[in-house]
Amino acid sequence: MIAAGALRAHSRYMSCKNENKLVAIVDDDDAVRGTLKELLRSAGYASQTFESAEDFLGSGHQQETACLITDIRMPGMSGLELQARLNAERCRIPTIFITAHGDEQMRFQALRAGAVEFLPKPFDDNVLIESVRAALNR
Amino acid sequence: MNHSETMKEAAGSARSIAQRYTLAVGTVAVAFGLASAFTHFKLPQPFSAFALSAITITFWYAGTAPGVLAAVLSSIVRDYLFEPNTSTQSRLLFDLVFLVFALLMTQVLRHRNQLEVRVAERTAELTQTNDNLKREIAKHNQVEAELRLSQAYLDEAQRLSHTGSWAWSPPPGDIRYWSDECYRVQGFDPKGGQPSFDEFLQTVHPDDQARIVEVIDRAVREKEEFEFDYRIILPGGEVRDARSLGHPILGPTGDLVEYIGTIIDVTDRRQAEKERERLREAQADLAHVSRMTAMGELTASLAHEVNQPITAAVNGASTCVRWLTREEPDLAEAREAALGVIRNAKRAADIINRIRSISKKGESKRQLADVNELIQEMIALLRSEARRYSVAVRTELNAELPKVMADPVQVQQVLMNLIMNGIDAMKNVDQERELTIRTQWADNRMLLISVSDTGVGLPPQQEDRIFDAFFTTKSHGIGMGLRISRSIVESHGGRLWAADNSPHGASFHFTLSTPVEVGA
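Residues numbered from 1 in each chain as written. Chains lettered and ligands numbered in written order. Predicted model: local features only at pLDDT ≥ 70, side-chain atom pairs only at ≥ 80, totals over all residues. Heavy atoms only, no water.

Undergrad: Provide a residue-level description of helix 4 (residues 88–161) of chain B, including the pertinent values.
TA: Residue and element names in this part refer to chain B. For helix 4, spanning 74 residues, the distance from its first C-alpha to its last is 107 Å, which sits close to the expected 110 Å at 1.5 Å a residue. Looking only at helix 4, the buried set comprises S90, F98, A102, M105, L109 and Q158. Turning to helix 4, the residues buried within the fold contact helix 2 (47–62), helix 3 (64–82), strand 1 (163–168) and helix 5 (180–186). Among the residues trailing helix 4, H162 stands out with phi positive, at a value near 55°. (Helix = DSSP H or I, 4+ residues; strand = E, 2+ residues; numbered from the N terminus. Expected span 1.5 Å × (residues − 1). Buried < 20%, exposed > 50% of the residue type's maximum accessible area, 1.4 Å probe, protein only. Contact = heavy atoms within 4.5 Å.)

This is how it looks when you write it as structure tokens:
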């Protein structure tokens, strides 16, 4: 039993090493979420969308996630809280923040916590795609 | 007539009969006495003359039967007392004379009686006529008194309502009647007598004269009613607003007989209307300022709300370009992405329009409005604000409710104030933050709209003061939101009130009336 538990813990840790190529999108706005998924598809990347940080955490997909794109302000858990939570779980997923009203302090906090990019909405698709590519090729 | 009166009358008539016969005997006796006295002094024998006088007097005063008795007595007295030795022929001759005289007297008496009856009849008729006249005079006096009273009431009513009445024969006639109030309103001296039409026109503001003449001329031509507003310049120079109405009176053949009508001094009413209008404008200005203040507080949230569909549209456009610029362009995918751009751009435009319509300054326009729809729109606008403070917005809207007659922008302003207050009340509470908006039926065909929060609740001991102007518990805000919301709801015929929730939070309720018998 102990061995099995240790093995599961290990495999989860291993999964956070970005062995999978899944891109996760967390945004509470249907339209933003949907068009982001389509944008990535047109660039050749499959992605999975989540309505909230809680949904993402509850889905169990964080193990397979190689790149996380998340909004900051959302009902319930915010993007920054999600990042902190993942860091606490030792699951450092390269994270791209997209936000409509991010200030410098927020940007600094996000980048210090390991964010790979901090993009104001609306954003340049090339910058986003480059960031995703970089994250997946780590 | 009772028994004793009958007896009295019978006794009176018996006495009168006795008197009448006594008169016969008495006059004959007097005649006999006078004749004897004349004889004694050797004067010619005039008994017959005295006797005839006696018979005449008796007939006249005592009637036929005593008269006949006097004639018989006269014959007897002459035959047996005065001249007992006269011949039979002489006796018969005198008897005949008395008899004939008596007969003549009977005729005279009858004529006299007939005359008396006629006189009595005529007198009775005259008395009757006199009584009738008296009654009529009394009636006339009463009618006149009533008329005077009625006129006094009418005068007072005209004075109170600033409404004079007039009658006017169209040209070439002139003003026939001009009530006291007409003199007052039009600024005429009653001592000057009824004014002519030209004199009336001279008291009218020069700019209004031509129009009045035109309106009246047309009405007279068409034999129709007329109505016009005009200004009066009083002798002191003061300008008053007036309105006159005229109604044509047509003769049996349809010809125009005269106009009767009114002059109303509407200066005070106009003034009050202007003041009400100014007040309405001031209220609308205040409501607008209050809306703009609220929108100012929402700037960040509204910007976010617009930014989301724009972001989605930019994403879609980028996607579209990517599908088109691949080595093998995928037109179907590009088309799909482009459609998404259109959708999201429209959504952004909708939100901007909503913001604009709320920010717009304009006069209040009542129309049939779906309250549930107004609520949904307002929630869409305030979604980002709610999200910003982690407030969950819940709705319990009764979809069966009819539309209300209301100004949509003002109702949304009320909703905005209540929702923002609710969010504000929950900013600093740790428990669950939930805002619930409910619509349902209230009494008397009113709709009840409730906005409930789980915030700090109403300020203790100050529940009533929250609707006062400039009362606020917030560090920002000017304390006008609830005051204006209440005046908006009340101007729609509804009520706005607040209540504490159990175990925490507050609810604001307001009612709106639904139009009767109007299809939703």
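Undergrad: Break down a nonpolar patch on the surface for me, citing the residues and quoting the values.
TA: Residue and element names in this part refer to chain B. A contiguous nonpolar surface patch, about 470 Å² in accessible area, is contributed by V68, V72, I76, Y80 and L81. Take L81: it is sitting in helix 3. In this structure L81 comes out as exposed when scored by relative accessible area, which is 53%. (Patch = residues over 30% accessible without salt bridge, like charges linked within 9 Å, V, L, I, M, F, W, Y side chains within 5 Å. Areas by Shrake-Rupley, 256 points an atom, 1.4 Å probe, with all protein chains shown as cover. Salt bridge = Lys/Arg side-chain N within 4 Å of Asp/Glu carboxyl O.)

Undergrad: Could you give an account of the layout of surface pockets, with specific residues and numbers?
TA: Residues and elements named next belong to chain B. If you add up the space inside the second largest pocket, you get close to 540 Å³. Along its surface, the second largest pocket is lined by 21 residues, and R280, E281, Q283, A284 and Q410 are the ones closest to its centre. When residues of the lining of the second largest pocket are traced back to their parent elements, those giving at least two are helix 8 (267–297) and helix 13 (481–491). Residue contributions to the lining of the second largest pocket peak at 8 residues, all from helix 8. In terms of residue class, the lining of the second largest pocket is built from 7 nonpolar, 6 polar and 8 charged. (1 Å grid on protein atoms, 1.4 Å probe; cavity = no way out; pocket = protein on both sides within 12 Å on 5 of 7 lines; lining within 4 Å. Points joined across faces, edges and corners; volume = space filled by probe spheres on them. Nonpolar A, V, L, I, M, F, W, Y, C, P; charged D, E, K, R; others polar.)

Undergrad: Just give me the short version of the packing of aromatic side chains, but keep the residues and values in it.
TA: Aromatic ring pairs: the centre-centre distance and the angle between the two ring planes describe each pair. Residue and element names in this part refer to chain B. Tallied over the full model, the rule gives 15 aromatic pairs over all chains. Seen from their ring centres, F38 and F50 are 5.2 Å apart, and the 65° between their planes marks the pair as edge-to-face. With F38 in helix 1 (residues 3–40) and F50 in helix 2, this pair connects stretches of sequence that are 12 residues apart. With a relative accessible area of 30%, F38 lands in the partly exposed category. Three or more aromatic residues joined by ring pairs form one cluster here, namely W166, W168, W178, Y183, F188, F197, F200, F226, F228, Y230 and Y259. (Phe/Tyr/Trp six-rings, centres within 6.5 Å; stacked < 30°, edge-to-face > 60°.)

Undergrad: Quick rundown of the sheet that holds strand 10 (residues 446–452) of chain B? Include the residues and the values.
TA: All names here are of chain B. Taken in spatial order, the 5 strands of this open sheet run 7-9-10-12-11, and their pairing is mixed. The open sheet terminates on both sides in strands that have one partner only, identified here as strand 7 (392–397) and strand 11 (496–500). Strand-to-strand, the axes of this sheet are offset by a mean angle of 15°, without reference to chain direction. Where helix 11 (residues 371–388) meets the sheet, it contacts strand 7, strand 9 (434–441), strand 10 and strand 12 (506–513), and its direction lies at approximately 175° from that of strand 7. Lying over the sheet, helix 12 (residues 408–426) contacts strand 9, strand 10, strand 11 and strand 12, oriented at roughly 145° with respect to strand 9. (Pairing = 2+ DSSP bridges. Axes fitted to C-alpha atoms, helices over the stretch in contact; angles between N-to-C directions.)

Undergrad: Summarise the pairing of strand 1 of chain B; cite the residues concerned and give the values.
TA: All names here are of chain B. Of all 6 residues that make up strand 1, 6 are buried, and the element is covered over most of its length. Alternating positions in strand 1 separate into two faces, T163, S165 and A167 on one and G164, W166 and W168 on the other, with burial throughout. Bridge count for strand 1 against strand 5 (residues 256–265) is 6 bridges, and the pairing is antiparallel. By the bridge assignment for strand 5, G164 is matched with I263.

Undergrad: Can you lay out the packing of helix 2 of chain B against helix 4 of chain B for me, pointing to particular residues and giving the numbers?
TA: Residue and element names in this part refer to chain B. Helix 4 packs onto helix 2 with a crossing angle of 30° between their chain directions and a minimal axis gap of 10 Å. Classified by the angle between their axes, helix 2 and helix 4 sit roughly parallel to one another. The handedness of the crossing between helix 2 and helix 4 is right-handed. On the side of helix 2, the interface is formed by S48, A51, L52, I55, T56, F59 and W60, while helix 4 contributes F94, F98, F101, A102, M105, T106, V108, L109 and R112. (Parallel < 35°, antiparallel > 145°, perpendicular 65-115°, else oblique. Left-handed = near helix turned anticlockwise from the far one by under 90°.)

Undergrad: I'd like to hear about the side chain of T65(A), residue by residue, with values.
TA: Residue placement: T65(A) occurs in strand 3 (residues 65–71). Polar side-chain contacts of T65(A) include one of 2.8 Å to the backbone oxygen of H61(A). (Polar contact = N/O pair within 3.5 Å; in protein donor to acceptor, adjacent residues only side chain to side chain.)

Undergrad: Give a description of the pairing of strand 5 (residues 115–120) of chain A that names residues and reports values.
TA: Residue and element names in this part refer to chain A. Bridging between strand 4 (residues 95–99) and strand 5 involves 5 bridges; their strand directions are parallel. Each bridged residue has a counterpart across the sheet, and for T95 the counterpart in strand 5 is A115. A crossover connection joins strand 4 to the parallel strand 5 through helix 5 (residues 104–112); in handedness this β-α-β unit is right-handed. (Right-handed = clockwise from strand over helix to strand, strands pointing away.)

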